[in-house]
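So the chains spell out like this:
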Amino acid sequence: MSEVSSKKTSEDLGVKKVYLESGIEVDPIYTKDDIEDSSIKHEMPGEYPFTRGIHSTMYRKRPFTIRQYAGFASPEETNERFHFLINNGQSGLNVAFDLPTQCGLDSDDPRALGEVGRVGMTVDTLDDFEIAFKNIDLDKITVSLTINGTAIIAIAMYIAMAEKAGYDISSLRGTAQNDILKEFIGRGTWIFPVEKSVKLVVDTIEYCAENVPKYSPVSVCGYHIRESGANPIQEMAYAFCIAKAYTDGALSRGIDIDDFASRLSYNFDIYGNLFEQIAKFRGGRRLWAKIIREEYGAKNDKSCWLRMIAGGGGGGLTKEQPENNIVRSAYYALISALSGTQTMALCSYDEAYTIPTEHSAEISLRTMQIMIHEMGICDTVDPLGGSYYVESLTDRFEKEIKEEMKTVDKWGGIVNAVATGKIQESVSKQAYEREMGMQTGVVDKVGVNIFTREEENKEVEFHPYNQEAANNQLKKLKKIKASRNNDKVKELLVKIKKDAEDDNNLMPSIIAAVKEYATVGEIVQVMKDVYGEFEEPIFF
Amino acid sequence: MKVLLSKPGLDGHDVGVKVLAHGLKDAGFEVFYSGLRKSIETIIQMALENKVDAIGLSILSGTHLVLAQRMNELMNEQNLDIPWFVGGNIPSRDVNKLEEIGANKAFPTGSKVLDVVKYFNELKVKI
């Protein structure tokens, strides 16, 4: 090696030092020496450990799926939307739920006042699912349920609805978010103590592995963890620890790793340094494959796949000069594609202060379509593979994520780290440091602390609260409570309680209860009676 | 000066309230935080127990007017004179409404931590 080529650090070249958000120092130049130990030279996409992508042909065969998030207040509106989408050739929808449903409260609960249908669809009983999915062919549409605290009930309702409608549940598809551990770190729709919350997730995995094998019961979310203040290394590390907690739970029930690992998927965040994010995904994908094969002994390659939705995070967007967010989102989309995502979603440029308009939602969609159809992004798999910088950083991320996972082990594992507030404490401190860095100009943000201009006052808009829909929901609930077989409901609620006390899988008894129109609130209450509620550690 | 920061209603977004808690703590205030999903009753009770000088309500789900009205009712019922303020995802057109309802001050979307700290420093002088 010549004298000249070894001079490549910031000090050698007399330039300022640069650090990524993750704390990794970046050299001004990378060479083949930086990837000498890497196994990537011999690795092909679609081959273990999948650094370069989980499929051999990736987007050449089929571009990533575009799946934008949307919420509708009532089951009736949701049903209308489903029909609209099907008539327009779409095949999937994310269902958002209102906060009472997510927190296990019925519409007639005093704590639900002013919240019924506000941020998504209201569900009190199976009747609401039956209305939402009326005349929908469940074999043709895939439904994603964005719910966590009460996910076991929502999944039970989806299955019960399908069974009642005559579907064979052994071929029923669909997904649920159902990642309760991240709710304790960010987003906050937890209900039960941490261990019991994990038990419920494992119940859904076990039930689905045995009865609904094509259903994806869990999507582990690094996204919300990062939005809460975690850096990119922590985002991946905490998500992997969470996925391992669910995996360990499933294995302890005697399920084979290859019978459920391929049904786990991930939801990750994108904002910040372009190369850092790409390395995060490539290094993370390799590490996850190794964890599943080397630690858990999975034989099936599919079990080792890190399948993900990776979208532009709201955390990177600004209320100031909002049009700049269109440009940011285009870069986030590029990052996501260069990282080999399976599914992509982008925030709309105006989302930081208002309800996305049809116009802004269309720009997000077009951003992804322009990339697919004009930029050649789908032509070649893993186009950055072999880049000295990207490969070096990928190796580094694999190592650093692994190290961060050891830190969680030192905190007594993810369940303990979350129950004691250890992770919440560290991410909220980082969120504060990041915010102050932006406000004091330590971290550059265009339009916020550099290249600013006088801003016109942009008004924040919410969907107007639909009191009529809320009243209608209350009427429906009253009617159902009067017309259902209340003795039977009572008996089935007692059965859920008994199963909770005996530590049995709750899925069968919840499915039985929802079929008789037991409410979300009633089921959650009997579970609270046995499990108690999470006591939030107060950290900031 | 003691401040209670709180999360009324069902909204679980707590990044902002915790960022502010850090900011006030760094500026020398004694900060209490309620945790998520507390009723207005509980929040007032916590304020009294900790003898705080001000109460902050952080609301991002759009229910700020409903919750502020409840806050005002209970404060009046109990004849309390603790200044309270509202922050979170608040449209600027609701700032006046919230202050008319009884909030000492409302911080609309986009407010900066340092501005809020400045307001508290001024409040401190008055108290």
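Being a predicted model, the structure only gives us computed values, none of them experimental.

We now examine the overall build of chain B. A count of helices and strands for chain B gives five helices and five strands. Ordered by position in the sequence, the α and β elements of chain B form the string β-α-β-α-β-α-β-α-β-α. By the compact-globule yardstick of 14 Å for 127 residues, chain B fits well, its C-alpha radius of gyration being 13 Å. Projected onto its principal axes, the C-alpha positions of chain B cover 30 × 30 × 25 Å. Here chain B, with 127 residues, has 48% of them falling under the buried criterion.

The helix and strand tally for chain A stands at 19 helices and 11 strands. Since a compact globule built from 540 residues should have a radius of gyration of about 24 Å, the 24 Å found for chain A is in line with a globular shape. C-alpha atoms of chain A, sized along the principal axes, occupy 85 × 60 × 50 Å. Of all 540 residues assigned to chain A, the portion counted as buried reaches 49%. Within chain A, counting contacts between residues at least 6 apart in sequence, those at least 24 apart form 76% of the total.

Take Glu468 of chain A: it is sitting in helix α16 (residues 467–483). A sequence separation of 224 residues divides Glu468 of chain A from Lys244 of chain A, and the C-alpha atoms of the two residues are 44 Å apart.

In this assembly, 27 residues from chain B lie in contact with 30 residues from chain A. Top contributing element to the side of chain B that touches chain A by residue count: helix α1 (residues 15–26) of chain B, with six residues.

Attention shifts here to the sheet that holds strand β4 (residues 92–96) of chain A. One open sheet accounts for four strands, arranged β4-β5-β6-β7 (chain A); its pairing is parallel. The open sheet has two edge strands, β4 and β7 (215–216) of chain A, and neither has a second partner.

This brings us to the packing of α1 of chain B against helix α5 (residues 113–126) of chain B. Helix packing geometry: the angle between the two helix axes and the distance between the axes. All names here are of chain B. Packing of α1 against α5 brings their axes to within 10 Å, and their N-to-C directions diverge by 50°. Compared by their axis directions, α1 and α5 come out oblique. In terms of crossing hand, the pair formed by α1 and α5 is right-handed. Contacts between α1 and α5 involve Val19, Leu20, Gly23 and Leu24 on the former and, on the latter, Val113, Val116, Val117 and Phe120. Grouping the amino acids of the contact of α1 with α5 by side-chain chemistry returns seven nonpolar, one polar and no charged.

The omega angle of the peptide bond from Tyr48 of chain A to Pro49 of chain A is 5°, so this bond is cis rather than trans. Assignment of secondary structure puts Pro49 of chain A in the loop between β2 (25–26) and β3 (65–66). If you check the backbone angles, Phe50 of chain A has positive phi at about 65° while not being a glycine. By secondary structure assignment, the location of Phe50 of chain A is in the loop between β2 and β3. One non-glycine residue, Arg37 of chain B, lies in positive phi territory at about 55°. Note that Arg37 of chain B resides in the loop between β2 (30–33) and α2 (40–49).

Residue and element names in this part refer to chain B. Judged by pairing direction, the sheet is parallel, and its five strands sit side by side in the order β2-β1-β3-β4-β5 without closing on themselves. Each edge of the sheet is formed by a strand with only one pairing partner; in this case those strands are β2 and β5 (105–106). Bridging between strand β3 (residues 54–59) and strand β4 (residues 84–88) involves five bridges; their strand directions are parallel. When the sheet's bridge partners are listed, Gly56 is paired in β4 with Phe85. Here α2 sits on the sheet in contact with β1 (2–6), β2 and β3, set at roughly 160° to β1.

With that settled, the discussion passes to the pairing of β3 of chain B. Residues and elements named next belong to chain B. In terms of burial, β3 is a largely internal element, six of the six residues being buried. Bridging between β1 and β3 involves four bridges; their strand directions are parallel. From the neighbouring strand, Leu5 faces β3, where its bridge partner is Gly56. Assessed by its sense of winding, the connection that carries the chain from β3 through helix α3 (residues 64–77) to β4 is right-handed.

Residue and element names in this part refer to chain B. With respect to burial, β4 is a largely interior element, five of its five residues being buried. The two faces of β4 match: Trp84, Val86 and Gly88 on one face and Phe85 and Gly87 on the other face are all buried. Sheet topology note: the β4/β5 ladder contains two bridges and is parallel. In the sheet register, Val86 faces β5, and the bridge partner there is Ala106. With respect to chirality, the unit in which β4 leads through helix α4 (residues 93–101) into the neighbouring parallel β5 is right-handed.

Here we come to the packing of α2 of chain B against α3 of chain B. Residue and element names in this part refer to chain B. As a packed pair, α2 and α3 sit with axes 10 Å apart at the nearest point and diverge in direction by 50°. Judged by the inter-axis angle, α2 sits oblique to α3. Crossing of α2 over α3 shows right-handed handedness. Mapping the contact onto sequence places Ile40, Glu41 and Ile44 in α2 and Leu67, Arg70, Met71 and Leu74 in α3. In terms of residue class, the contact of α2 with α3 is built from five nonpolar, no polar and two charged.

As a note on interpretation, predicted positions should not be read in detail where pLDDT is low. Mean pLDDT for chain B: 94, with 100% of residues reaching 70 or above. Reported for the predicted complex are a pTM of 0.95 and an ipTM of 0.91.

Here is what the cut-offs are and how they apply
Residues numbered from 1 in each chain as written. Chains lettered and ligands numbered in written order. Predicted model: local features only at pLDDT ≥ 70, side-chain atom pairs only at ≥ 80, totals over all residues. Helix = DSSP H or I, 4+ residues; strand = E, 2+ residues; numbered from the N terminus. Rg over C-alpha atoms; globule rule 2.2 N^0.38 Å. Buried ≥ 20, exposed ≤ 12 C-beta atoms within 10 Å, placed from the backbone. Contact = placed C-beta atoms within 7 Å. Pairing = 2+ DSSP bridges. Axes fitted to C-alpha atoms, helices over the stretch in contact; angles between N-to-C directions. Parallel < 35°, antiparallel > 145°, perpendicular 65-115°, else oblique. Left-handed = near helix turned anticlockwise from the far one by under 90°. Nonpolar A, V, L, I, M, F, W, Y, C, P; charged D, E, K, R; others polar. Right-handed = clockwise from strand over helix to strand, strands pointing away. pLDDT = per-residue confidence, 0-100.

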